[in-house]
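Examination of the molecular architecture
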Amino acid sequence: MVRETSLSPDDFIYPLFVTYGKGVKKEIPSMPGCFQESLDLVTEHAKEIRSLGIPSVILFGIPEHKDEIGSGAYDDQGIVQNAIRAIKDAAPELYVITDVCMCEYTSHGHCGLIEEGDVSNDPTLELLSKEALSHVKAGADMVAPSDMMDGRVEAIRLTLDEEGFSGIPIMSYAAKYASAFYGPFRDAAESTPQFGDRRSYQMDPANRREALKEVALDIEEGADVVMVKPALSYLDIISDVRDSFDVPVAAYNVSGEYSLVKAAAQLGWIDEQRLMMEILTSIKRAGADMILTYFAKDAARLLNS
Ligand SMILES: [Zn+2]
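Residues numbered from 1 in each chain as written. Predicted model: local features only at pLDDT ≥ 70, side-chain atom pairs only at ≥ 80, totals over all residues. Heavy atoms only, no water.

**Things to note about the pattern of salt bridges**
Tallied over the full model, the rule gives 15 salt bridges. A salt bridge links Arg 152 to Asp 218; the nearest nitrogen and oxygen atoms lie 3.3 Å apart. Placement of Arg 152 in helix H4 (residues 152-162) and of Asp 218 in helix H6 (residues 209-221) is noted, with a sequence separation of 66 residues between them. Of the two residues, Arg 152 and Asp 218, neither departs from the other in class, the shared state being buried. (Salt bridge = Lys/Arg side-chain N within 4 Å of Asp/Glu carboxyl O. Helix = DSSP H or I, 4+ residues; strand = E, 2+ residues; numbered from the N terminus. Buried < 20%, exposed > 50% of the residue type's maximum accessible area, 1.4 Å probe, protein only.)

As structure tokens, this is what we get:
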């Protein structure tokens, strides 16, 4: 009765990595228990996720072919577009969010179009809008632009409204830090930049006030849910955002945060279940309304038992 924070499977969004081929279920070496899965297997997985009481998934695509302009990102028959249709077919009540970015689809691994050796903001906005629209047309319930280009939320909002999808919300990766905690994810999504890094468009981990500025801008542009990423080293940011704004706050408990726990558990150095629950509780206590986490299934099983 006096416990202030309680977790529920309802709090979780589970990230899925969908890939091409058939019968593919490839474990991500640095993320034990997480897989790249082909469409035929991801549908069964979606049913399992729903049966655990987890309401939502976020999809990341691994396309068969990458090119300079990331054309797989906005192809109506692209990997994510087909995955949305397959999941909606298998588990209609599962709320499907899609990651909207170019880096999984570009041969250079950057989040946008490259001009003169650098990511070019404005031409990228057009492609992101096309990508978001194609996801929504395939049945996505919410789109989540993760690239951090300036003006992307507004560009996507305008496109969706024009095309008759004004009811589809946008979850923006509003405060996204240039973090070493993303390392394992880049194995998972095969999206490591081939040159340079993403520091020109992600935030300096040393900055706190800047996060509020970024979040305010995204809300102004039309973001319905704002995300802080990563979560664990940024609990103060989650708390600040919660206190300062009245929109739902999401926190991304990222790959590195997951891998650290898994690795230490494999070595027998920590109590995995207790640590997992402590971390997730702290993220919720800081103010997150929803948590994107690779622990979603493990934690839901524990909460359901
Ligand atoms: Zn990206």
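From this point, the discussion proceeds with the structure in view.
**Focus on the coordination of the zinc ion**
Taken together, the protein ligands of the zinc ion are Cys 101 (SG), Cys 103 (SG) and Cys 111 (SG), with distances of 2.2 to 2.3 Å. Written as a sequence motif, the donor arrangement for the zinc ion is C-x1-C-x7-C. Comparing Cys 103 with Cys 111 shows no difference in burial state: the two are buried. (Donors = N, O, S within 2.8 Å, 3.2 Å for Na, K, Ca; no water.)

**Things to note about empty space enclosed by the protein**
Gaps between atoms show up when a probe of the same size as a water molecule is rolled over them. All told, the structure shown has two cavities of 30 Å³ or more when counted by the stated rule. Considering only enclosed or pocket space, the largest cavity measures out at about 130 Å³ in volume. Together, 15 residues line the largest cavity, and Cys 103, Lys 176, Phe 185, Arg 198 and Lys 229 are the ones closest to its centre. Those elements that provide at least two residues to the lining of the largest cavity are strand S9 (171-176) and helix H5 (183-189). Each residue belonging to the lining of the largest cavity can be placed in one class, and the counts come to six nonpolar, three polar and six charged. Considering only enclosed or pocket space, the second largest cavity measures out at about 40 Å³ in volume. Contributing to the lining of the second largest cavity are Tyr 14, Pro 15, Leu 16, Phe 17, Cys 34, Phe 35, Glu 37 and His 45. Mapped onto the lining of the second largest cavity, the elements with two or more residues apiece are strand S1 (12-19) and strand S3 (35-38). Top contributing element to the lining of the second largest cavity by residue count: S1, with four residues. Considered class by class, the residues forming the lining of the second largest cavity number six nonpolar, one polar and one charged. (1 Å grid on protein atoms, 1.4 Å probe; cavity = no way out; pocket = protein on both sides within 12 Å on 5 of 7 lines; lining within 4 Å. Points joined across faces, edges and corners; volume = space filled by probe spheres on them. Nonpolar A, V, L, I, M, F, W, Y, C, P; charged D, E, K, R; others polar.)

**Considering a nonpolar patch on the surface**
A surface patch of nonpolar side chains, about 350 Å² in accessible area, is lined by Leu 267, Trp 269 and Ile 270. Secondary-structure assignment places Leu 267 in the loop between helix H8 (255-266) and helix H9 (272-286). For Leu 267, a relative accessible area of 51% puts it in the exposed group. (Patch = residues over 30% accessible without salt bridge, like charges linked within 9 Å, V, L, I, M, F, W, Y side chains within 5 Å. Areas by Shrake-Rupley, 256 points an atom, 1.4 Å probe, with all protein chains shown as cover.)

**Digging into the pairing of strand S10 (residues 225-229)**
Counting buried residues along S10, five of its five residues qualify, which places the element largely inside the surrounding structure. Residues Val 225, Met 227 and Lys 229 line one face of S10 and the alternating positions Val 226 and Val 228 line the opposite face, and both faces are buried. Pairing of S9 with S10, which is carried by four bridges, proceeds in the parallel orientation. Residue pairing for S10: Ser 172 is matched across the bridge by Val 226. Here three bridges tie S10 to strand S11 (residues 249-253), and the two strands are oriented parallel to one another. By the bridge assignment for S11, Met 227 is matched with Ala 250. One crossover worth recording links S10 to the parallel S11 by way of helix H7 (residues 235-244), and it is right-handed. (Pairing = 2+ DSSP bridges. Right-handed = clockwise from strand over helix to strand, strands pointing away.)

In short, the description is geometric, and any link to function would need to be established separately.
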